[in-house]
Amino acid sequence: MTRAESLLAYVGAHHPMNLRGLEEAREVSPADWDAVAEQFLGWAAGVWGAEGWQERCIPAFVRFSSDVIFAQARYEADGHYENSSFAECNEHVYSQRDVMDDYLWGVFITNFCWSHHMELSLFFRDRFLARLPGAPAIVEIAPGHGGWGVWALSNRPDARLQGFDISPSSIAIASSIAKAAGVADRVTYTERNALDLATMPTASADAVICSFLIEHLEDPGLLVANIANLLKPGARGYLAGAITAAQVDHIYEFKTESELVVLCEQHGLRVVETLSVAPKRTLRKAQYLPRSMGLILEKAGRTT
Ligand SMILES: C[S@@+](CC[C@H](N)C(=O)[O-])C[C@H]1O[C@@H](n2cnc3c(N)ncnc32)[C@H](O)[C@@H]1O
């Protein structure tokens, strides 16, 4: 049995209410789902062992998915996200090792087990990773579990990556996944606030990856300015953000896709491709459609 098959069997046996969601994710593109699931689960097995990954990762995914549904229901009732400051999220989530470890393994699995995130994964792979330049120096901002950057390094043996995240859990988990994937010698992870990256050398990155951080910030413009500062002229960035999609640590409420596009344009980034995706099933009578949006950005000023 492949790991992808054993994931489906485990969810069917222990969490049957979550099985339909996984099937929907696989239906996006069965062959791609099998490949992406096998890759992510292979890394998880490298960290937790051939038996241990299921017990560690699948219940975490189920808990994370339930937490997101409850957060969205509270958002529907209240009309705003429940937290509004970075300090609250840092105190209750990012700095709490147990909470954050569970959360990050849950998020890691959503990348291919939520159908709309499976779509985003293919967008990242086919439209961004496939077009990286030669020997790219990549910066990953807020790697969390690290899966996106490790994917880039696995695809591209000539790439190197520097990752910055505020949470000690992220540094530990991303490092363990990089080691499991055999790319640890080409990556460094540092505990650092993404909003302090303005001191990094200007135009030093051939690519930037920043997935699902922007909605966690009080001032998302500062992040986009830092991405623009890091990218070389003509270099590309991958940015993902949440739109009217609540989570305990989402504080900046993007209402429309164009807000993200305009923010990037205001900071000298050309938006060359976008994909906005929503879950197949949402809360009944919902006023908000939770979306996840991926944007491929290009630093203006290309000379060729
Ligand atoms: C939802 S996770 C995203 C993980 C991963 N990039 C992904 O797309 O699945 C959000 C990450 O942002 C990090 N984070 C939150 N605020 C941050 C900040 N100000 N600077 C750096 N990292 C931050 C958290 O520690 C967490 O790892």
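Refer to the preceding data block for the structure.
This structure is a prediction, so every number in the text was calculated from the model and none was measured.

Rules of the game
Residues numbered from 1 in each chain as written. Predicted model: local features only at pLDDT ≥ 70, side-chain atom pairs only at ≥ 80, totals over all residues. Heavy atoms only, no water. Near = heavy atom within 4 Å. Polar contact = N/O pair within 3.5 Å; in protein donor to acceptor, adjacent residues only side chain to side chain. Areas by Shrake-Rupley, 256 points an atom, 1.4 Å probe, with all protein chains shown as cover. Helix = DSSP H or I, 4+ residues; strand = E, 2+ residues; numbered from the N terminus. Buried < 20%, exposed > 50% of the residue type's maximum accessible area, 1.4 Å probe, protein only. Arc of directions from axis to C-beta. Contact = heavy atoms within 4.5 Å. Pairing = 2+ DSSP bridges. Axes fitted to C-alpha atoms, helices over the stretch in contact; angles between N-to-C directions. Salt bridge = Lys/Arg side-chain N within 4 Å of Asp/Glu carboxyl O. Phe/Tyr/Trp six-rings, centres within 6.5 Å; stacked < 30°, edge-to-face > 60°. Core = buried A, V, L, I, M, F, W, Y, C linked by side-chain atoms within 4.5 Å.

## Remarks on the site of the ligand
What surrounds the ligand is a group of 22 residues, the closest being Ala142, His145, Asp165, Ala194 and Ser211. Measuring from a nitrogen atom of the ligand, one finds a backbone N or O atom of alanine 142 at 2.8 Å. Within the contact set of the ligand, a nitrogen atom lies 3.2 Å away from a backbone nitrogen or oxygen of isoleucine 166. About the coverage of the ligand: the protein hides 99% of its 590 Å² of free accessible area. Of all elements in the fold, only α4 (86-94) and α5 (97-113) reach the threshold of two or more residues within the shell around the ligand. With three residues, the single largest contributor to the shell around the ligand is α5.

## Brief notes about helix α10 (residues 257-266)
Among all positions of α10, only Leu260, Val261, Leu263 and Cys264 are buried. One side of α10 carries all its buried residues, which in axial view fall inside an arc of 160 degrees. On its buried face, α10 is in contact with α9 (220-230), β5 (231-243), β6 (269-277) and β7 (291-299). In the stretch just after α10, glycine 268 is the one whose phi turns positive, near 80 degrees.

## Things to note about the sheet that holds strand β4 (residues 205-211)
One open sheet holds the seven strands; their spatial order is β3-β2-β1-β4-β5-β7-β6, and the pairing between them is mixed. The two strands at the open ends of the sheet, each matched to only one other strand, are β3 (187-191) and β6. Each neighbouring strand pair of the sheet contributes to a mean axis angle of 15 degrees, computed without reference to strand direction. In the sheet, strand β1 (residues 137-141) pairs with strand β2 (residues 160-165) via five bridges, with the strands oriented parallel. Among the inter-strand pairings, valine 139 is bridged to a residue of β2, identified as glutamine 162. Contacts from helix α6 (residues 115-128) reach β4, β5, β6 and β7, with the element oriented near 15 degrees to β7.

## A look at the pattern of salt bridges
Under the defined criterion, the tally for this structure stands at 20 salt bridges. The shortest N-O distance in the salt bridge between arginine 26 and aspartate 34 comes to 2.9 Å. When the shortest N-O distance is used, the salt bridge between aspartate 101 and arginine 97 registers 3.6 Å. Taken as a pair, aspartate 101 and arginine 97 lie in helix α5 at a separation of four residues, close to a single helical turn. The class for aspartate 101 is buried, based on a relative accessible area of 19%. Each of the salt bridges in this network shares a partner with another, and the network as a whole consists of Arg20, Glu23, Glu24, Glu27 and Arg281.

## Considering unusual backbone geometry
Phi angles above zero are rare outside glycine, and alanine 135 is one such case at about 45 degrees. Structurally, the position occupied by alanine 135 is in the loop between α6 and β1. Look at alanine 142: it is not a glycine, yet its phi comes out positive at around 60 degrees. Position of alanine 142 among the secondary structure elements: in the loop between β1 and α7 (147-155). With a relative accessible area of 18%, alanine 142 lands in the buried category.

## Topic: the packing of aromatic side chains
With the rule as written, the count across this model stands at 21 aromatic pairs. Look at phenylalanine 40 and tryptophan 43: their rings are 5.1 Å apart centre to centre, the planes differ by 45 degrees, and that puts the pair in the tilted class. Taken together, the positions of phenylalanine 40 and tryptophan 43, both in helix α3 (residues 30-78) and three residues apart, correspond to about one turn of that helix. Centroid distance tyrosine 252 to phenylalanine 254: 4.7 Å. Interplanar angle 50 degrees. Geometry classified as tilted. Overall, the relative accessible area of 30% leaves tyrosine 252 in the partly exposed class. Here phenylalanine 254 falls in the buried class, since its relative accessible area comes to 1%.

## What to know about the nonpolar core
What tends to happen in soluble globular proteins is that the nonpolar side chains get buried as a cluster. Within the largest apolar cluster, 66 residues are counted, with the highest numbers of intra-cluster contacts made by Leu7, Trp33, Phe112, Phe128 and Tyr238. With 16 residues, the single largest contributor to this core is α3. Setting aside residues up to four positions removed in sequence, tyrosine 238 forms contacts with Leu120, Phe123, Phe124, Phe128, Val208, Ile209, Cys210, Ser211, Gly294, Leu295 and Ile296. Formed by 32 residues, the second largest nonpolar core is a distinct cluster that contains Phe164, Leu231, Leu239 and Leu295.

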